[in-house]
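The residues making up each chain are set out below.
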Amino acid sequence: MSATPLVEARRLTKTYGGFAALDGVDFTVMPGEVVCLAGTNGSGKSTLIKCVSGVEPIDAGQILFSGTEHPAITPTLAMDEGVQVIYQDLSLFPDLPVWENVCFQRIGGEKRGWFVKRREGMAFATMQLARLGVKVDPKRRVERLSMGERQSVAIARALAQNAKLVIMDEPTTALPSREVDALLGIVKNLRSQGIATIFVSHKLDELFAIADKITIIRDGVKVGDYNPADLDKEKLGFLMIGKKLDVQPVDRSAVFSGTPAIELDNLVKEPYYRGVSMAVHPGEVVGLTGLIGSGRTEMALSLFGLNPPDGGEVRRNGRPVTVGKPSEAIAAGIGLVSEDRQSQGLFLSHPITTNVTAAILDRLADRFGLVSLGRELDVGEEWCGKLNVRASSVLNPAQSLSGGNQQKVVLAKWLATGPDVLILDSPTVGIDIGSKADIYELIKTVAAAGKAVLLISDEAEELEMCANRVLVMQSGEIAAELAGADATQAKILAAVRGG
Amino acid sequence: MPEKIQRRWPIDMDSMILAGILVAILAFMGFALGDSFFNIRNISSMVSQIPEFAFLAMGMGVAMITGGIDLSNVAAMNLSGIVLALCLTSSRLAGGVGIWGAILIGAVSALLVGVACGVFNGLSISRFGIPPIIATLGSMLFFSGLGVGITNGEGITGLPEQFTRLINMTIVELPPPFLFMLAVFVVMSILAPRLTTGKTLYMYGSSRVAALFTGLRIGKSLALGYALSGLFAAVSALILVGRTNSIKVGYGDTYQLQAILVVVLGGVNPDGGKGKFGNILVAVLILQILQNAFTLFMFTPYAKKLIWGGMLLAFMVVRTLLEKWSDRRKIRARMAQMAEGA
């Protein structure tokens, strides 16, 4: 290609306290190109984005915008050159209407007058949204929009600031699959208007669906630029982690019978779900999927005592139990690794050991209610060892860990309670494929130890890998059960979409 | 484990800074005031003033570690002080069980009243979900109202001298309340982070949502935490009544703001989850020395208020700046670790 690249990074190097987060990385984005960045957590993807958008100064190398070199890149300069980053939290104002979010730069920026020109602003916002092929009422407040619509608003805001390159950092993590398709459509629309995209995602399917080019980074070094047509998932995975992943899919021929470890009989909680009956046997992994809002998370919370059901019965080993609060769930041998590990699963500022032992304080304490530090450390170290948590000290705060290791700490917290029933709600969201493989192995080990596992997930691949059978929920009811040879990715996806 | 795990506590920045400030202030006092500060009379008057305030500060510390606040502890102190004084001045009680019996009954009732006040706060926060600042603001007015109702707003004086002598005696130049306070600080420093209830409260302060999702016993622990704050308020009442030989609604009102100030100064995170009682003690000492200096410099009460308020705000600003700075360092270190570990 002879055209001038929109962004060109040459021999980019960035070190933090002696460690090279980026080591001599070359990177180019052509106008209108969709570049996918692939790499495990900590490989340097985020650092690269920060350098290109001027958030982090670079130590060596050059970054050229449209062929021009700049002595130093600041966020303002990057924005003037048309580089817009859409972070995971989207940085929108939830209380303000869509149009004010889209043109807030104009409202608060240089072109401001004494009064906000409402009609002009709304027309402008509608136009930007139309460029994405999205229809959202510009008067609606952002907090009332779905996650996908919010994302559109954030992208429209980037366009309103004359974006030539939109950088999306894991934009699909929080999106249900229907909205993911819509987002990929938006990226294609941008491409047709000559606007380039850097797209970061842990979901490999998405990369193959839209990438013009896949740039792989490992340990701060570029592995290479690849044409997606030359790669398949296995090869991409291999290039990302530098070794072959060896996860065996679950044995589908196993038959589970006898008394279920947990059994739901006609469980109801309006308006979330109704008539839910299912059973999970010891040693079995049952997958549960469905769109967000299908009632699966609400049902999981009911089993854990956080959303007590209106009617129906829950039986543990054949005996009816009522779980009115989480401490009763723990007493009944039920553990829940909840959906949002950062806010629900962890005490981020507390040491790893404290997190691991949080649910078993009563058991660690002596008869005066005292927990000795040595005891706590022993338990923390034992579980970090078993689950292969990578940390330099178990006294480090949980927030210092990477996503995959944080999730292992949450798993350790629940495994330490010795549950018979373990409910996992989206356990691998936002986790790279290396750590994912660890967690899949762990799920199998836990099941092999005779525990009943209920695995809630959006990812059909994950369910195919781990679950003995898969239940699909739709608008609060169990719509399908896929077992044996039927539990394939394609059939799961079709059932989720109401096929 | 790929790496060897180290059993090592991180260095506590807050303790170092506080110790530094204490030493600096002492040095300044020696330099600026010399003997008018460092003399037996001045120091022993300080030592006798510290305990009643220190107990209030400890109670405030417990509440703030849970991410709450206890605006009612001075009111609770007054209420239990009133109950104590009523028992001590009741001639019928003294006639029945003797003066020492009356002192014992009075002290126990006062402590019970303090605990009851605290449980009242704890339940309204955990059972009814009232935000702590509102719940304790309400109970502050309620407790003061009760106190005024009982006393008609008048002071109670003329306590038996057996009681005041007990509180004001000295053991090796030090008053018993001061020694007791030191002992309680030591016990709190050791036990608070190790007891299941204490750990639960620290975790609850750090993240309420995670505490809920972990199945911690939140209601019981909060009730116990605020009960402890109430108990400390009552201990403070025993000392105050003994020292001033009187009690009246409104006594010690200035302690309320100062207790918040001193707890924040002691490095307790006002959002909860973090704080050490040893550091609160150092902060109490710093505040008391400054208080004493203001008196020696003959500042007006208005100037004092101005300085306390200013200090609270200034300290929060400095703290935020320091945190930002160390966060940035932590992020750098974390990135380096990730780059190394990836």
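Reading guide: rules and limits
Residues numbered from 1 in each chain as written. Chains lettered and ligands numbered in written order. Predicted model: local features only at pLDDT ≥ 70, side-chain atom pairs only at ≥ 80, totals over all residues. Heavy atoms only, no water. Helix = DSSP H or I, 4+ residues; strand = E, 2+ residues; numbered from the N terminus. Rg over C-alpha atoms; globule rule 2.2 N^0.38 Å. Buried < 20%, exposed > 50% of the residue type's maximum accessible area, 1.4 Å probe, protein only. Contact = heavy atoms within 4.5 Å. Areas by Shrake-Rupley, 256 points an atom, 1.4 Å probe, with all protein chains shown as cover. Lys, Arg positive; Asp, Glu negative; His and termini not counted. Charge placed at Lys NZ, Arg CZ, Asp CG, Glu CD. Pairing = 2+ DSSP bridges. Axes fitted to C-alpha atoms, helices over the stretch in contact; angles between N-to-C directions. Salt bridge = Lys/Arg side-chain N within 4 Å of Asp/Glu carboxyl O. Phe/Tyr/Trp six-rings, centres within 6.5 Å; stacked < 30°, edge-to-face > 60°. Patch = residues over 30% accessible without salt bridge, like charges linked within 9 Å, V, L, I, M, F, W, Y side chains within 5 Å. Domains from an automatic or database assignment. Buried area = accessible area lost by both parts, 1.4 Å probe. Core = buried A, V, L, I, M, F, W, Y, C linked by side-chain atoms within 4.5 Å.

Okay, the overall build of chain B next. Looking only at helices and strands, chain B features 13 helices and two strands. Taken over the C-alpha trace, chain B has a radius of gyration of 22 Å; the compact-globule value for 342 residues is 20 Å, and the two agree within 12%. Considering chain B as a whole, with its 342 residues, one finds that 47% of them fall into the buried category. Long-range contacts, defined as pairs at least 24 residues apart, comprise 78% of the intrachain contacts of chain B with a sequence gap of at least 6. For chain B, the accessible surface area stands at approximately 16,200 Å², while carbon and sulfur atoms represent 69% of it. Across chain B, the mean location of the 25 positive side-chain charges is 7 Å away from that of the 14 negative side-chain charges.

Before going further, it helps to spend a moment on the pairing of strand E8 (residues 196–200) of chain A. All names here are of chain A. Most of E8 sits inside the fold, with five of its five residues counted as buried. Judged by which residues are buried, E8 turns out to be covered on both faces: Ala 196, Ile 198 and Val 200 on one side and Thr 197 and Phe 199 on the other are all buried. In this structure, strand E3 (residues 34–38) lies alongside E8, joined through four bridges in parallel fashion. Residue pairing across strands places Leu 37 opposite Val 200, the latter belonging to E8.

With that settled, consider the sheet that holds strand E7 (residues 165–169) of chain A. Residues and elements named next belong to chain A. The six strands are arranged E6-E7-E8-E3-E9-E10 in an open sheet whose pairing can be described as mixed. For this open sheet the edge positions go to strand E6 (83–86) and strand E10 (221–226), each flanked by a neighbour on one side alone. Direction aside, neighbouring strands of the sheet carry axes that sit 20° apart on average. Where E3 lies against strand E9 (residues 213–218), four bridges are found, and the strand directions are parallel. Its bridge partner being in E9, Leu 37 is matched across the sheet by Thr 215.

Inspection of every chain in the model, using the stated rule, returns 28 salt bridges over all chains. Across the pair Asp225(A) and Lys222(A) runs a salt bridge, and its minimum N-O distance is 2.9 Å. Relative accessible area serves as the criterion here: at 22%, Lys222(A) is assigned to the partly exposed category. One salt bridge connects Lys199(B) with Glu376(A), and the closest N-O pair in it is separated by 2.5 Å. Here Lys199(B), found in helix H8 (residues 196–206), pairs with Glu376(A), found in helix H15 (residues 373–386), and the two come from separate chains. Here the two residues Lys199(B) and Glu376(A) agree in accessibility, since each one is buried. Connected via shared salt-bridge partners are Glu263(A), Asp265(A), Glu313(A) and Arg315(A).

Residues and elements named next belong to chain B. Of note, Met 58 is situated in helix H2 (residues 40–65). Overall, the relative accessible area of 0% leaves Met 58 in the buried class. Separated by 235 residues in sequence, Met 58 and Ala 293 have C-alpha atoms that sit 23 Å apart. Ignoring sequence-local partners within four residues, the contact set of Met 58 consists of Val 184, Phe 185, Met 188, Phe 232 and Phe 277.

Another point: the packing of aromatic side chains. Residue and element names in this part refer to chain B. This model, assessed by the stated rule, comprises ten aromatic pairs over all chains. Residues Phe 55 and Phe 232 carry aromatic rings whose centres are separated by 5.8 Å and whose planes lie at 45° to one another, so their mutual orientation is tilted. With Phe 55 in helix H2 and Phe 232 in helix H10 (residues 218–244), this pair connects stretches of sequence that are 177 residues apart. Side by side, Phe 55 and Phe 232 carry an identical accessibility label, which is buried. Aromatic pair Phe 120 and Phe 142: ring centres 5.7 Å apart, planes at 10°, arrangement stacked. You can see Phe 120 sitting in helix H4 (residues 91–126) and its partner Phe 142 sitting in helix H5 (residues 132–151), a full 22 residues away along the chain. On the basis of relative accessibility, which here comes to 47%, the residue Phe 142 falls in the partly exposed class. Chaining the aromatic ring pairs together yields one cluster made of Phe 55, Phe 180 and Phe 232.

Bringing a nonpolar patch on the surface into the picture now. All names here are of chain B. Together, Trp 100, Leu 166, Met 169, Ile 171, Val 172, Leu 179 and Leu 182 make up an exposed nonpolar region whose accessible area comes to about 630 Å². Here Ile 171 is to be found in the loop between helix H6 (161–168) and helix H7 (176–191). Given the relative accessible area of 39%, Ile 171 is considered partly exposed.

A word on the sheet that holds strand E15 (residues 319–321) of chain A. Residues and elements named next belong to chain A. Spatially, E12-E11-E14-E15 is the arrangement adopted by the four strands of the open sheet, whose pairing is antiparallel. Both outer strands of the open sheet, strand E12 (273–280) and E15, are each paired with one neighbouring strand and no more. Within this sheet the neighbouring strands show an average axis-to-axis angle of 25°, counted without direction. Both strand E14 (residues 311–316) and E15 contribute to a ladder of three bridges, which runs antiparallel. Along E15, the bridge assignment pairs Val 314 with Val 321. Packing against the sheet, helix H10 (residues 296–303) makes contact with strand E11 (262–269), E12 and E14, and its axis sits at approximately 65° to E12.

Turning next to the domain arrangement of chain B. For an interface, size is often stated in terms of accessible area lost upon the parts coming together. Residues and elements named next belong to chain B. As assigned here, chain B comprises domain 1 (31–298) and domain 2 (301–342). Look at where the C-alpha atoms of domain 1 and domain 2 centre, and you get two points 28 Å apart. Domain 1 puts 15 residues into the contact, and the matching count from domain 2 is eight residues. Of the roughly 1,200 Å² buried between domain 1 and domain 2, counting both surfaces, carbon and sulfur atoms make up 80%.

With that settled, consider the nonpolar core. If you look at the biggest cluster of nonpolar residues, it comprises 97 residues, and the most contacted ones within it are Met299(A), Leu303(A), Ile423(A) and Leu454(A). Residues in contact with Met299(A), not counting those within four places in the same chain, are Leu264(A), Tyr273(A), Val276(A), Met278(A), Leu288(A) and Leu454(A). Formed by 80 residues, the second largest nonpolar core is a distinct cluster that contains Ile50(B), Val62(B), Leu240(B) and Phe294(B).

All right, on to unusual backbone geometry then. Note: most peptide bonds trans; most residues except glycine with negative phi. Residue Pro271(A) is reached from Glu270(A) by a cis peptide bond, and omega for that bond is 0°. Here Pro271(A) shows up in the loop between E11 and E12. For Asp219(A), which is not glycine, the phi dihedral falls at a positive 50°. Take Asp219(A): it is sitting in the loop between E9 and E10. Take Asp219(A): its relative accessible area is 39%, and that puts it in the partly exposed class. Here the phi dihedral of Asn245(B) falls at roughly 60°; this positive angle occurs in a residue that is not glycine. For Asn245(B), a relative accessible area of 32% puts it in the partly exposed group.

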